[in-house]
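Here are the chains, one letter per residue:
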Amino acid sequence: MSDVLVLCYHAVSPDWPAALSTTPERFEEQLTTLVRRGYRGATFERALAEPPARRTLVVTFDDAYRSVLELAAPIMRRLGLPGSVYVPTDFPDRPGPMAWEGIDRWLGGPHEHELACLGWDELGELAEAGWEVGSHTRSHPHLTGLSDADLAAELEGSRSACEEALGLPCRSIAYPYGDVDARVVGAARSAGYSAGAGLPEGRFHSGDPLDWPRVGVYNDDDLRRFRLKVSPFLRFVRGTPLWDAAQAVGRRS
Ligand SMILES: [Zn+2]
């Protein structure tokens with residue numbers, strides 16, 4: 001059975017101290033470690049449909065920050081890895097920074113420029129270079145809190161916006177905040193998606209390609225922490241009910 005390791009990054013920056021950003025040096029070191037271990041890259045949708053190697057690595061980016069094109073893509077090109085980038089489709093080519101709960105604390109400060117979204121032309125450049133451009137909904141809401149109608153509008157609207165802007169099929173989605181439940185998965189299936197990227201690593205993994213767990217990589221992940229996070233054994237244990245039970249015992253003691 002092949003090992004499909006899906007990493008979730010957001011931004012790459014030399015000096016943005018946000019949890020969701022990592023430095024170019026760490027980013028390169030992390031991916032180089034995996035390539036040396038024999039991992040081969042694929043886009044998210046392809047990795048779930050037909051993993052190309054015994055060890056398959058998927059590098060995903062949520063939110064479509066400009067630094068993905070400017071800093072992450074050149075490093076990945078050198079390592080021979082494609083990427084998957086997830087865009088909240090209300091934002092490309094709109095002036096001003098992106099804003100929603102969580103990143104809004106960076107508005108108006110010296111790092112506000114980090115919140116710029118890639119334009120459709122730039123996303124098209126990535127697609128031409130072999131990247132996958134998927135949906136991150138339209139406006140980046142917490143999907144589980146939406147009405148059925150609003151949920152469908154976010155899922156279907158973002159998918160058609162992506163397809164119209166890029167002229168390519170859009171079958172993959174990353175759920176904002178990793179906020180997904182059975183109703184959201186069903187709505188994503190109805191909206192035409194075949195691959196859905198979640199986040200929380202400590203959750204029992206159902207094996208549904210529309211609710212696929214990713215390993216989130218953050219600002220404070222040095223190489224030691226990163227190696228632990230991507231360890232196949234730890235990922236296996238975290239994907240079983242055993243992990244939840246162990247956490248519960250840990251909380252009681
Ligand atoms: Zn996001």
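Residues numbered from 1 in each chain as written. Predicted model: local features only at pLDDT ≥ 70, side-chain atom pairs only at ≥ 80, totals over all residues. Heavy atoms only, no water.

Thoughts on the coordination of the zinc ion
- Protein coordination at the zinc ion: the donors are Asp63 (OD), His136 (NE2) and His140 (NE2), at 2.1 Å from the metal.
- Read N to C, the donor residues that coordinate the zinc ion are spaced as D-x72-H-x3-H. Of this pair, Asp63 sits in the loop between β5 (55-62) and α3 (66-79) while His136 sits in the loop between β7 (132-135) and α5 (148-166), and the two are 73 residues apart along the sequence. Here the two residues Asp63 and His136 agree in accessibility, since each one is buried. (Donors = N, O, S within 2.8 Å, 3.2 Å for Na, K, Ca; no water. Helix = DSSP H or I, 4+ residues; strand = E, 2+ residues; numbered from the N terminus. Buried < 20%, exposed > 50% of the residue type's maximum accessible area, 1.4 Å probe, protein only.)

Some points on the packing of aromatic side chains
- What the rule picks out here adds up to seven aromatic pairs.
- Judged by centre distance (4.9 Å) and plane angle (80°), the rings of Tyr9 and Phe27 are edge-to-face. Here Tyr9 is found in strand β1 (residues 3-9), whereas its partner Phe27 is found in helix α1 (residues 24-36), with 18 residues between them in sequence.
- Exposure remark for Phe27: the relative accessible area of 0% places this residue in the buried category.
- On the basis of an interplanar angle of 15° and a centroid distance of 5.7 Å, the ring pair of Phe61 and Trp131 is categorised as stacked. (Phe/Tyr/Trp six-rings, centres within 6.5 Å; stacked < 30°, edge-to-face > 60°.)

Quick look at the state of the cysteines
- Inspection of every chain in the model, using the stated rule, returns zero disulfides.
- Counting only cysteine sulfurs, Cys117 is the nearest neighbor of Cys8, a cysteine outside any disulfide, at a range of 15 Å.
- Unpaired in this structure, Cys117 has its nearest cysteine sulfur neighbour in Cys162, at a distance of 10 Å.
- Take Cys117: its relative accessible area is 10%, and that puts it in the buried class. (Disulfide = S-S within 2.5 Å.)

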